[in-house]
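Letter by letter, the chains look like this.
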Amino acid sequence: MAEKNITILGATGSIGRSTLAIAEMFPERFRIRALTAKDNIDVLADQINRFQPDLAVIYESGGIDRLKSMLDPAVRTEIMSGKSGYEAAATLDSVDTVVSAMVGGAGLLPTLAAVRAGKQIALANKETLVMAGELVMAEAARCGAVIRPVDSEHSAIFQCICGNRRQDLAKIFLTASGGPFRNLPRQRFPLITPKDALAHPTWQMGAKISIDSATLMNKGLEVIEAAHLFDVPRHRIEVLVHPQSIVHSMVAYTDGSVMAQMGLPDMKAAIAYALSGPERLETKIPVPDFTALNSLTFEAPDLEKFPCLKLAFRACESGGTLPAVLNAANEVAVEAFLKDAVSFVQMPQLIESVLTAHERVAGPDMEAILEADQWARHAAWQWIAANGGGKAS
Ligand SMILES: NC(=O)c1ccc[n+]([C@@H]2O[C@H](COP(=O)([O-])OP(=O)(O)OC[C@H]3O[C@@H](n4cnc5c(N)ncnc54)[C@H](OP(=O)(O)O)[C@@H]3O)[C@@H](O)[C@H]2O)c1
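The rules we used
Counting restarts for each chain, with residues numbered from 1 along the sequence as it is written. For this predicted model, a pLDDT threshold of at least 70 governs which residues receive local features, and a threshold of 80 or more governs which side-chain atom pairs are given and counted, while totals over whole chains, interfaces and linings are taken from all residues. Water and hydrogen atoms play no part in the side-chain values, which are based on all heavy atoms of the structure. The numbering of helices and of strands both runs from the N terminus, where a helix is a DSSP run of H or I of at least 4 residues and a strand a run of E of at least 2. The globule rule is 2.2 Å times the number of residues to the power 0.38, and the radius of gyration it is compared with is taken over C-alpha atoms. Accessibility here uses a 1.4 Å probe with only protein chains present; expressed as a share of the type maximum, an area under 20% marks a residue as buried, one over 50% as exposed, and anything in between as partly exposed. Note on definitions: a residue-residue contact is assigned when non-hydrogen atoms from the two residues lie within 4.5 Å. Here, axes are lines fitted to C-alpha atoms. For helices the fit covers the stretch in contact, and angles between N-to-C directions go from 0 to 180 degrees. Throughout this description, any angle smaller than 35 degrees is read as roughly parallel, any larger than 145 degrees as roughly antiparallel, any in the 65 to 115 degree range as roughly perpendicular, and the remainder as oblique. Left-handed describes a crossing in which the near helix is turned anticlockwise from the far one by less than a right angle; the clockwise case is right-handed. Note on residue classes: Ala, Val, Leu, Ile, Met, Phe, Trp, Tyr, Cys and Pro are nonpolar, Asp, Glu, Lys and Arg are charged, and everything else, Gly too, is polar. Only heavy atoms are used to decide nearness, and a residue is near a molecule or strand if one of them lies within 4 Å of it. For the purposes of these results, a polar contact is taken to be a pair of N or O atoms within 3.5 Å, where, inside protein, one atom must be able to donate a hydrogen and its partner to accept one; residues adjacent in sequence count only when each atom of the pair is a side-chain atom. Residue burial considers only the protein chains on display, and all accessible areas are found by Shrake-Rupley using a 1.4 Å probe. Pairing between two strands is assigned when DSSP locates at least 2 bridges connecting them.

(A) Focus on the overall build of the protein. Across its full length, the protein holds 15 helices and 11 strands. Its C-alpha atoms give the protein a radius of gyration of 20 Å, near enough to 21 Å, the size a compact globule of 393 residues would have. Over its C-alpha atoms, taken along the principal directions, the protein stretches across nearly 60 × 50 × 40 Å. Counting across all 393 residues of the protein, residues that qualify as buried make up 57%. Sequence-distant contacts in the protein: of pairs separated by 6 or more residues, those separated by 24 or more amount to 71%.

This is how it looks when you write it as structure tokens:
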């Protein structure tokens, strides 16, 4: 494999740091050209000193002097800030591959810029496809940008469809760990704290995706992501709760065959495959010890206990601006929950209220999507001002 020149959007996050761990394991294959963060200057400074990229970007220009003061004298990295900086990192001439690992809707425009520049995209930022899946996939086709999934489920599906005919694909089984509250009685949900919800049983992840996993909204966002990425209608995507997180997803074919991709839950495997597939890197991740696994179990998700998943199904089926509204309302809900401004059970109530109030636009362009996103954030904060603040159910 020829050397890959990489930008990491969201380098200081969980996926960003795992990507750098892969780059560090294979220095002859991966050259880090640009790194971005929001405001985690300490971690970014350490990454710049280690990888000496051409460009590094933070959100606020006010942090540039402090960042520069932390860099080794030999470092020649250009430092930029703000949205124009993220776009520059996403489209750098020397870069062929962009790892899209910012969290939330903030990832959409830089990822779209990378797509339009014809880069190969290793996509972790599922919000990009949730908000603007049709538009981004159409732009990728137009600009010759290849989008490789980083989400472990989508990586599994991608690996299971390689070498098979698309017209033979009958169904996708998207697996979910079920999160930390799978076995918690519903009556206790109003008492769930952010600390409880951040403790994911099988994956180590950033705060937002950890909360999304606890509400199962993450699985809903993944259904929308899969529908766009693999061009499969929602009714052919089934969510299965699989608490062991060994089967990362499965694909069923018209002859009744089912292909599963398995492995220990370690995001480095999916990241490495997104960067190097079909070649497989020696990541040193062990193969599961199947004799030590007592059983692999699968069950249907409980949509009454986890209404966020039902709301995501609704947004996926309706399409238009509804998925962008779902995403924006969810981002506000998660932020408010982490600040104790709404309770765990109020998150789906808030999202449902915003979805219901929205006047859906069909076939939206980017302007309509961004407008719906802004409208939904505003509506969500208004809902919180009127209803939040307590632990009511
Ligand atoms: N973590 C996982 O295992 C996992 C698995 C599958 C998919 N994903 C997806 O990957 C994405 C990243 O997840 P994560 O867990 O790595 O998140 P994370 O740990 O919270 O990291 C997020 C990264 O994005 C940056 N960032 C946050 N807000 C930003 C903004 N407004 N503008 C620019 N940069 C911003 C952060 O910078 P600072 O550090 O400076 O705040 C950080 O570098 C999400 O879309 C998630 O759904 C994650």
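(B) Spatial organisation of the packing of helix α1 (residues 14-25) against helix α2 (residues 41-51). Here α1 crosses α2 at 15°, and the two axes come no closer than 12 Å. Judged by the inter-axis angle, α1 sits roughly parallel to α2. By crossing handedness, the relation of α1 to α2 is classed as left-handed. Mapping the contact onto sequence places Arg17, Leu20, Ala23 and Glu24 in α1 and Val43, Gln47, Arg50 and Phe51 in α2. Its residues placed into classes, the contact of α1 with α2 shows four nonpolar, one polar and three charged.

(C) Expanded view of the environment of Lys83. Considering the arrangement of structural elements, one finds Lys83 in helix α4 (residues 82-91). On a C-alpha basis, the gap between Lys83 and Val95 in space is 18 Å, while along the polypeptide they are 12 residues apart.

(D) Spatial organisation of the site of the ligand. Around the ligand lies a shell of 24 residues, among which Thr12, Lys38, Asp39, Asn40 and Glu127 are the nearest. Contact distances for the ligand include 2.6 Å between an oxygen atom and a side-chain N or O atom of Thr12. With respect to the ligand, the backbone of Gly13 contributes an N or O atom lying 3.2 Å from an oxygen atom. Burial of the ligand by the protein amounts to 87% of the accessible area it has alone, namely 900 Å².

(E) Geometry of the sheet that holds strand β4 (residues 78-81). Reading across from one edge, β4-β3-β2-β1-β5-β6-β7 is the order of the seven strands in this open sheet, with parallel pairing throughout. Unpaired on one side and paired on the other, β4 and β7 (147-149) mark the two borders of the sheet. Each strand of the sheet is rotated relative to its neighbour by a mean of 25°, with strand direction disregarded. Both strand β3 (residues 55-58) and β4 contribute to a ladder of four bridges, which runs parallel.

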